[in-house]
Structures are given as structure tokens and as C-alpha cells.
Amino acid sequence: MQKYIDKLKSLDHKNMYEGDFFLTWEKTKDELESIWTVADALRDLRERNISTKVFDSGLGISIFRDNSTRTRFSFASACNLLGLAVQDLDEGKSQIAHGETVRETANMVSFMADVIGIRDDMYIGKGNAYMHEVVDSVTQGHKDGVLEQKPTLVNLQCDIDHPTQSMADALHIINEMGGIENLKGKKVAMTWAYSPSYGKPLSVPQGIVGLMTRLGMDVVLAHPEGYEIMPEVEEVAKKNAAESGGSFTRVNSMAEAFKDADIVYPKSWAPFAAMEKRTDLYGNNDFDGIKALEQELLAQNAKHKDWACTEELMKTTKDGKALYMHCLPADITGVSCKEGEVDASVFDRYRDPLYKEASYKPYVIAAMIFLAKFKNPVALLEQLNQDAKARQMK
């Protein structure tokens with residue numbers, strides 16, 4: 001525990017206080033390391049049966065505009081870990097259906113809220129913008145005296161980035177590799193993989209290339225022609241790699257990406273151009289157009305069934321033992337689908353590491369809240385450790 005406290009003391013995280021978390025590349029490297037450090041500290045306390053309830057009351061508001069299992073429960077777990085209750089805003093059961101504005105909704109749900117977590121990832125140009133509108137609304141509400149405090153926003157996945165996922169993935173890699181100092185020069189293959197479904201968000205691959213390039217890693221983005229991600233995110237990755245001493249390259253060969261890779265992340269996503277078209281179709285209520293686009297994309301996917309994480313490809317990685325990663329759920333060949341992203345034997349071999357990868361997300365989210373809500377997080381961690389109040393009476 002002292003190691004985490006000493007590490008946090010050495011990092012500059014003061015600007016995170018009363019802040020929000022939108023995109024990883026908007027944060028400094030010290031701020032990212034502070035989140036990982038606090039996440040590890042909170043995990044250490046819980047594993048030693050020490051309570052981490054730093055709130056006596058308060059709400060965490062969750063707004064999920066897309067289906068979710070891991071992120072939904074991770075947000076709820078993070079809030080509970082810190083002592084907050086969770087209330088999910090079901091927009092179908094709210095006055096939003098009757099034309100209530102974002103500004104009004106944001107203020108009405110935030111009277112005793114300390115954090116708002118939002119997932120809005122399906123429509124290009126919409127999700128991140130909506131999150132900013134919510135923050136602008138509650139900021140004004142606090143300024144006008146309507147809200148006693150401004151709740152912190154945590155991006156639980158938008159159209160641009162999935163920061164809680166990529167931050168949890170990075171912490172998994174840091175701990176698997178024995179420290180952040182050991183990541184420099186490691187090769188990460190972020191590759192497209194075949195899926196029998198269409199329209200999966202771009203935010204996971206974009207989050208990975210946008211974050212791992214911050215850590216001096218050699219990041220390779222691989223996909224068939226026509227499956228490009230947002231060009232502005234590629235520019236972010238190039239800039240990050242130049243500053244960190246790592247590298248960022250894009251190839252159209254899964255085999256090339258996997259060769260000598262230390263980490264592989266095969267994951268399906270929809271083409272950026274198609275997601276833009278999909279957003280326009282929904283905006284025009286063109287449901288026939290949406291159905292036609294879906295069939296077009298499914299046919300396009302079917303041309304690339306050879307883009308799969310197989311045992312043969314895994315043998316070409318560094319010593320044949322690359323760390324296989326996935327945000328889950330994966331499309332597993334012969335299990336969840338006839339043909340998919342990954343061989344069942346590969347997935348089964350990495351099942352426990354995959355579940356461990358997912359287990360970091362509640363602590364990462366809790367760390368984001370912790371650093372945003374408390375001015376002196378070092379002193380608070382020291383107090384929790386010193387008090388050693390039992391979480392569970394034995």
C-alpha cells in the first residue's frame with residue numbers, strides 16, 4: 001500500500017479535482033498513471049477486507065443508450081465501492097420521451113448526484129457531444145445555485161473512445177508485464193476480426209490505439225480495406241507515438257500484425273464510413289435504408305471470414321505466447337457462432353486472463369471518481385489504510 005501512496009505523491013493530478021473524464025488523450029500521462037495507481041490501491045484495500053467507503057450518501061447516475069453487461073456492472077460496483085448508491089436513468093420511462101431537454105433532464109437527476117456515467121456509442125458525432133452537453137448543463141446548474149455541487153462525468157463509452165475499457169486493458173497489461181516501465185517497445189496488434197453481426201462501435205479499437213501509443217508501445221492497427229477508423233483518431237495515435245518513442249502503423253494483413261506481437265487484440269468493428277451513413281439514416285428515420293445497410297455490411301463482413309484469431313496465428317506471435325485480449329463478449333467460433341473472431345481453443349486457454357482483464361474496470365472507474373471528487377486523494381488513501389475499517393465483519 002505504501003508503494004501506491006508514494007507513487008501517487010510523485011504524480012501531478014491536481015487538475016483532476018472537480019474534473020470530468022471524456023477521452024484518454026485529453027489527460028496528461030501523470031493523470032493516467034494516477035488513475036492506475038489509485039485503482040491498484042483501492043483493489044489492495046478491498047482484498048485486505050478494508051472498507052473504501054468515502055461517501056456517506058450520494059448517487060451515481062447511469063445512462064446507458066446501448067446494451068451493456070460488464071460496463072454497467074462495473075460502474076455500479078465502482079459507485080458502491082466508494083459508498084454511492086446507483087440509479088439508472090431509463091430514458092424510455094422518463095419525460096425525455098415527452099420532449100424534455102438534455103439541460104432539464106441533467107439537472108433534474110443531479111440534485112444529490114456525485115457522478116454521472118454515460119454510454120452513448122452508436123452514432124458518429126453524437127455520443128461525445130451529448131456527454132459534453134450534459135456536463136455543460138450541470139455546470140450551469142451549479143453556477144446558478146440549482147445544484148449544490150457539479151457531478152463528475154465518466155465516459156462509459158462514446159462514439160470516439162471507450163476510456164474505462166482501454167484504461168482497464170492497460171492496467172491489465174501493466175500488471176502482466178511487471179510495471180509500466182516494461183511496456184516500452186512491446187508490440188500490440190489491434191486487429192479487426194470477422195463477426196457475423198454488424199454495426200459494432202469503433203470506440204474500442206480507437207481507444208486502444210489512442211492510449212497504448214502513449215506508453216511507448218509499437219501499436220499496429222490491422223483491418224481489411226474499407227474498415228478504417230476515424231482519421232482524427234489515427235492522427236492522435238501518430239502524435240502520441242512520436243512523443244512517447246513508440247510507433248503506430250496501419251496494415252491490411254492480420255498475419256503481419258500478429259507476427260512477433262507481445263499482445264493481440266482481435267475485435268470486430270464497423271467501418272467508419274458505414275457508421276457515418278448509419279447515423280444519417282437514423283437521423284432521417286430511413287428505416288428501409290438502415291435495413292439495406294445492415295445487409296450490405298453483413299455481406300461485406302462475410303468476405304473476410306479468414307480474419308480470425310486461430311491457433312496457427314497465435315503460434316506466430318512472440319514465442320507463440322502473446323497475451324490475447326478482448327473487451328468481451330467475443331464471437332467464439334463453434335460456441336457463440338458458427339464462425340467468429342477467435343478459435344474456441346484460444347479463447348478457452350485465455351479465459352481466466354480475460355476475466356481478470358475485465359475485473360480491473362470497476363477499480364479504474366472508482367479511481368476516476370476518487371480523483372475527481374477529493375482534493376487530497378493521498379491523505380484519503382492514507383486515512384483509509386490507517387483506519388483499516390473492516391468491510392465485512394468476520
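What counts, and where the lines are drawn
Residues numbered from 1 in each chain as written. Predicted model: local features only at pLDDT ≥ 70, side-chain atom pairs only at ≥ 80, totals over all residues. Heavy atoms only, no water. Helix = DSSP H or I, 4+ residues; strand = E, 2+ residues; numbered from the N terminus. Rg over C-alpha atoms; globule rule 2.2 N^0.38 Å. Buried < 20%, exposed > 50% of the residue type's maximum accessible area, 1.4 Å probe, protein only. Lys, Arg positive; Asp, Glu negative; His and termini not counted. Charge placed at Lys NZ, Arg CZ, Asp CG, Glu CD. Phe/Tyr/Trp six-rings, centres within 6.5 Å; stacked < 30°, edge-to-face > 60°. Lys NZ or Arg CZ within 6 Å of the ring centre and 35° of its normal. Pairing = 2+ DSSP bridges. Axes fitted to C-alpha atoms, helices over the stretch in contact; angles between N-to-C directions. 1 Å grid on protein atoms, 1.4 Å probe; cavity = no way out; pocket = protein on both sides within 12 Å on 5 of 7 lines; lining within 4 Å. Points joined across faces, edges and corners; volume = space filled by probe spheres on them. Nonpolar A, V, L, I, M, F, W, Y, C, P; charged D, E, K, R; others polar.

Q: Please explain the overall build of the protein as it appears in this structure.
A: In terms of helices and strands, the protein carries 15 helices and eleven strands. Scaling as 2.2 N^0.38, a compact globule of 394 residues should have a C-alpha radius of gyration of about 21 Å, and the protein matches this with 21 Å. The buried share among the 394 residues of the protein stands at 57%. A gap of 4 Å separates the mean positions of the 47 positive and 59 negative side-chain charges of the protein.

Q: How do you make sense of the packing of aromatic side chains when you look at a structure like this?
A: Pairs of aromatic rings are described using the distance from one ring centre to the other and the angle between the two planes. Summed over all chains, the structure comprises seven aromatic pairs. Ring pairing ties together the aromatic residues F55, F370 and F374, which thus form one cluster. The aromatic ring of F64 is capped on one face by R72, whose charged end is 4.5 Å from the ring centroid.

Q: What is the right way to look at the sheet that holds strand 3 (residues 113-120) in this model?
A: Backbone hydrogen bonds are what pair the strands of a sheet, in a parallel or an antiparallel way. Read across the sheet, four strands follow the order 2-1-3-4 without closing on themselves; strand pairing throughout is parallel. Bordering the open sheet on either side are strand 2 (85-88) and strand 4 (152-158), each of which pairs with just one other strand. Taking each pair of neighbouring strands and ignoring which way they run, the sheet shows an average axis angle of 20 degrees. With four bridges joining them, strand 1 (residues 59-64) and strand 2 adopt parallel strand pairing. Within the sheet, the bridge partner assigned to L59 lies in strand 2 and is A85.

Q: I tried to follow the layout of surface pockets on my own but got confused; where do I start?
A: Over the atoms, a rolling probe the size of a water molecule traces out where space has been left empty. A volume near 580 Å³ is recorded for the largest pocket. Each residue belonging to the lining of the largest pocket can be placed in one class, and the counts come to seven nonpolar, ten polar and nine charged. Taken together, 14 residues form the lining of the second largest pocket, with Y4, D40, I174, G179 and I180 sitting closest to its centre. Counting residues per element, the ones that place at least two in the lining of the second largest pocket are helix 1 (2-9), helix 2 (29-47) and helix 6 (163-176). Taken together, the residues of the lining of the second largest pocket break down into five nonpolar, four polar and five charged.

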